[in-house]
Every structure is written in C-alpha cells, then in structure tokens.
Amino acid sequence: MVQSLSSLLFLILTIRFGISALQVNNIKDCPNLPKRSESGAKDVTDLRPDDIKVIGALGDSIIAGALMMNNDHGKLVTYADYAEYRGNSYAIGGNTNAITLAKFFQHYSPLLKGASIGERLATGCTGKILSFKHHPIRDRLNAAISGGTAVDLDKQVDYLISRMKSMVGVNYNQDWKFVTLQIGSNDMCAACDTSADSSVETYGKLVSGAIERIRTSIPRVVVNLLGTFRVSELYSLTGNALDYCQSQNNDPDTIFNRLSCSCFIGAESNRTIMDVLSKGYNEKLVEIYERYKSQHSSTFAVRYLPVDISIDDLPLEVLSDFDCFHPSLIAHQWIAKLVWNTLFTTQQEEESHLSWGFNANETIYCPTVSDRIDIYS
C-alpha cells in the first residue's frame, strides 16, 4: 500500500511539476509504474520495463558470470574452482538481491521469466575446461557458453529458442522479450592461434546470422547488442599486479590471463592484432544495428551500446583475482547499472554522456511513466 501511494504521488508530481526522474542506490526504492492499459505497448518503440515478460542472453564467460567471486590467496586451485555465477551475471542474473538487468526488469515485471540462478561448474565449449552442456533448471534462458566465440552463437540460439518455447509461464507468441548479446573477447584472444578464424568478416557474418535467426524465430523481441572492448589492455593493467593476480614466483607469465588468451603470449604486435579486431568487430556491429534500424519493424529491434571503456584506467578490483581476466562481482553490478541507465537515453545522449569510468557508487535510474526503452533514437 505504501509503495502504491508513493508511486501515485511520484506520478502526479512528475506530470504536474515536471520533476526529474529519481536516481537511487537500490532498485527497490524506485516507485512502481502505473498499470498499463490492457492493450499494452503498441509496438517495439513503445516498450516500458513492465512490458518485458521474458529475458534471455547469449555470449561467452562474461555473460555466464564465470569466476566473478575472488579466490582465497594461497588456496590450491582445482577444477571445482572454475565456477560460473550465473545468478549474478550482469545481464540476466536472477539471484535474490542480485544487482542485474534481470532484477531491474523484475522490479517492474514481477513475473519475468528467464533469469539464471545459482552457480555451477564452468563448462567450456573449446575443451579447455570440460565439454559443454547447458543446465536448463539453473541456466534458464542464459544460453552463454564459457570460452565461447561467435561460431558458438548458433548452438546458443538453438538452446534459447527450445528452452523459451518449453518454459512454463512463457507465452512464446505474445510476450515481449529482451535478449542481451555480448561476444568477441575470446575471438580476439584466439587470433594468435593459427587454427582459429577470428577475422572481422567471419565475426560479423556469425553475429548477424544469430540475430537474424532470433528475428525470424522469436516473436516480439529486442536484442540488446553490446560492443566489444579492448581486451588487450588487460595485459598491461595486470602485468605489475603480481600479488593480486596470484602469479607464481613473481613471474607475470604465470598470471592465468596469459594462459587463457593466446595473444597475451609473445610480441606486443599480438596485442595490436587484438585492437584492430576489436575496432573491426564494432564496425560490423554498427552495420548490423543500422540494417535493422532501416527495416522499421513493429515487433523486432536491435539496440546497440558501444563499450568504450579504458581498461588501463580501471582499479584492479573490477577483475576477478582468480585469473585477472574476468570481471568481478562489483564489475558485474556496475555494468548492470550502466546498461540499465542507457535503456532510457537516446543513442546520441549515450555517446555524449555515458562514462565507462568505474564508479562503485553508480546510481540506478528510475524510469518515469513517459519513458520508453530507447530503440533507434
């Protein structure tokens, strides 16, 4: 009752006096939005957060939440430590009190389906850890594969469609869906492996193919497409962090990120290759975004968010000290807030005002009754 009264008061003040939207530290402090009319959103450009009934995600170990919980220094590392904390993944984690996109949507859409929960052993598609297998009960609609590259998106889309169709409580044809896609870090790392095809053209074709399958197979969906970042900067950021990154005998070559990224071995030119690919990958993602923007579909859209982050300027705490490669829990929470806040700003505003400088006290935007998830502004 108190929440309903505060929501009504916030709505009246916003309309009457033009009060700015709230910025809060906890999504639970955001007022509820007044109930939608029975007709709901008229099309994909009219979506509010309470219109989203299903959430999904595609990607690699970042989306899977791999290794985000720090390791106890001095502890013997075993396969059991290679855990995915999918319940806290910034894009789709559904653990109680998690700070994630899924939990933000769930505040406005309490019956939201698809958010992943809990933790489990990481299973990689490349055979570097273990053979890959989804765990539908916990993964739900988190189709990400640790170690995954763009070539694995097709099997992820297979899982996403199948699991979404069979999920209790999902109206496959009528529910509005929000699917985050972020991939490319492993593609860059594999560029120095002569057996891998990490080319810009191949990457673009594979990502485009996955999105087109979503468009043709999943009704009423927004694809939240995130850009790649300069993974190479992890090499220089962690090179002198020998204690935090748990090197052996103070040797930077024993930091786990050197072992998991082939381009972290050898000459500096290897890192340059990664930077060139990141730029090319992002250009392909923009092309994909622009292509779907020009189609003016009423039931499908791709929104694109560039990840213009300077890793060299980040504190070490945003990295898991397990391998100094994957984002830590606080990084996932920070990213979730940033991505959520951009949902209600135009592309031009994002480019002008979005800062990827780490802020542990980043606030959460409370959308107003007039806000819509920005698609192509």
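Scroll up to find the structure.
First, a word on scope: everything that follows refers to the structure included in this document. Keep in mind that this is a model prediction, so the values were computed, not measured.

## Overview of the overall build of the protein
Phase 1: Across its full length, the protein holds 12 helices and 8 strands.
Phase 2: When burial is assessed residue by residue, the protein has 54% of its 377 residues classed as buried.
Phase 3: Long-range pairs, those at least 24 residues apart, make up 72% of the contacts in the protein between residues at least 6 apart in sequence.
Phase 4: Split by element, the accessible area of the protein, about 16,500 Å² in all, is 53% carbon and sulfur.

## What to know about the nonpolar core
Phase 1: Ranked by size, the top nonpolar core spans 104 residues in total, and within it Leu58, Tyr90, Phe105, Val207, Ile211, Val231 and Trp340 carry the most contacts.
Phase 2: Leave out the neighbours within four places in its chain, and Phe105 touches Pro49, Ile52, Ile55, Leu112, Phe178, Trp340, Leu343 and Ile373.

## A closer look at unusual backbone geometry
Trans peptide bonds make up the majority, and among non-glycine residues the majority have a negative phi.
Phase 1: Its identity as a non-glycine residue notwithstanding, Asn97 has a phi of 65 degrees, on the positive side.
Phase 2: One can find Asn97 in the loop between β3 (83-84) and α3 (101-108).

## With respect to helix α7 (residues 200-217)
Phase 1: Its 18 residues give α7 an end-to-end C-alpha distance of 26 Å, which sits within 8% of 26 Å, the value for a rise of 1.5 Å per residue.
Phase 2: If you check which residues of α7 are buried, you get Tyr203, Gly204, Val207, Ser208, Ala210, Ile211 and Ile214. Down the axis of α7, the sector holding all buried residues measures 155 degrees, keeping them to one side. Structural note: α7 exposes Glu201, Lys205 and Thr216 on the side pointing more than 90 degrees away from its buried face.

## Quick look at the state of the cysteines
Phase 1: Within this structure, the stated rule accounts for 4 disulfides.
Phase 2: Here Cys192 pairs with Cys263 through a disulfide, and the sulfurs are 2.1 Å apart. A torsion of 105 degrees about the S-S bond marks the disulfide between Cys192 and Cys263 as right-handed. With Cys192 in the loop between α6 (185-189) and α7 and Cys263 in the loop between α9 (256-260) and α10 (268-293), the pair connects residues that are 71 residues apart, well separated along the chain.
Phase 3: Residue classification places Cys263 among the buried residues on the basis of a relative accessible area of 0%.
Phase 4: Looking at the protein, its bonded cysteines, counted consecutively from the start of the sequence, adopt the pairing 1-8, 2-5, 3-6, 4-7.

## Thoughts on the packing of helix α5 (residues 153-166) against α7
Phase 1: Between α5 and α7, whose axes approach to 9 Å, the crossing angle comes to 20 degrees. When the axes of α5 and α7 are compared, the pair comes out roughly parallel. Here the hand of the crossing between α5 and α7 comes out right-handed. Between α5 and α7, the contacting residues are Leu153, Asp154, Val157, Asp158 and Ile161 on the first element and Leu206, Val207, Ala210, Arg213, Ile214 and Ser217 on the second.

## Notes on the sheet that holds strand β6 (residues 221-226)
Phase 1: One open sheet accounts for 4 strands, arranged β2-β5-β6-β7; its pairing is parallel. The sheet terminates laterally at β2 (52-59) and β7 (300-305), the two strands that pair on one side only. When strand polarity is set aside, the average angle formed by the axes of neighbouring strands in this sheet is 20 degrees.
Phase 2: In this sheet, β6 lies alongside strand β5 (residues 176-182) in parallel orientation, the contact comprising 5 bridges. By the bridge assignment, Lys177 is partnered in β6 with Val221.
Phase 3: Across the sheet, α7 is in contact with β2, β5, β6 and β7; its angle to β6 comes to roughly 165 degrees.

## A word on the packing of α3 against helix α11 (residues 329-342)
Phase 1: At a closest axis distance of 9 Å, the pairing of α3 and α11 adopts a crossing angle of 50 degrees. Taken together, the axes of α3 and α11 lie oblique to each other. Judged by residue contacts, Leu101, Phe104, Phe105 and Tyr108 of α3 engage Ala336, Lys337, Val339 and Trp340 from α11.
Phase 2: Residues belonging to the contact of α3 with α11 are distributed by class as follows: 7 nonpolar, no polar and 1 charged.

## Some words on the side chain of Ser208
Phase 1: By the secondary structure assignment, Ser208 is in helix α7.
Phase 2: Overall, the relative accessible area of 16% leaves Ser208 in the buried class.

## Some thoughts on the packing of aromatic side chains
Phase 1: Here the structure, examined in full by the defined rule, presents 16 aromatic pairs.
Phase 2: Judged by centre distance (5.2 Å) and plane angle (70 degrees), the ring pair of Tyr292 and Phe300 falls under edge-to-face.
Phase 3: Look at Phe300 and you get buried, because its relative accessible area is 4%.
Phase 4: Here the aromatic rings of Trp334 and Trp356 are separated by 6.0 Å at their centres, their planes lie at 85 degrees, and the arrangement is edge-to-face. One end of the pair, Trp334, is in helix α11; the other, Trp356, is in the loop between α12 (347-353) and β8 (364-365), and 22 residues separate them in sequence. Neither Trp334 nor Trp356 differs from the other in exposure class; each is buried.
Phase 5: Among the aromatic side chains, those forming a connected cluster through ring pairs are Phe104, Phe105, Tyr108, Phe178, Trp340, Phe344 and Tyr365.
Phase 6: The positively charged end of Arg258 is found above the aromatic ring belonging to Tyr235, 4.1 Å away from the centroid.
Phase 7: For Arg271, the ring lying beneath its charged end belongs to Tyr235, and the centroid distance is 3.8 Å.

Rules and cut-offs
Residues numbered from 1 in each chain as written. Predicted model: local features only at pLDDT ≥ 70, side-chain atom pairs only at ≥ 80, totals over all residues. Heavy atoms only, no water. Helix = DSSP H or I, 4+ residues; strand = E, 2+ residues; numbered from the N terminus. Buried < 20%, exposed > 50% of the residue type's maximum accessible area, 1.4 Å probe, protein only. Contact = heavy atoms within 4.5 Å. Areas by Shrake-Rupley, 256 points an atom, 1.4 Å probe, with all protein chains shown as cover. Core = buried A, V, L, I, M, F, W, Y, C linked by side-chain atoms within 4.5 Å. Expected span 1.5 Å × (residues − 1). Arc of directions from axis to C-beta. Disulfide = S-S within 2.5 Å. Axes fitted to C-alpha atoms, helices over the stretch in contact; angles between N-to-C directions. Parallel < 35°, antiparallel > 145°, perpendicular 65-115°, else oblique. Left-handed = near helix turned anticlockwise from the far one by under 90°. Pairing = 2+ DSSP bridges. Nonpolar A, V, L, I, M, F, W, Y, C, P; charged D, E, K, R; others polar. Phe/Tyr/Trp six-rings, centres within 6.5 Å; stacked < 30°, edge-to-face > 60°. Lys NZ or Arg CZ within 6 Å of the ring centre and 35° of its normal.

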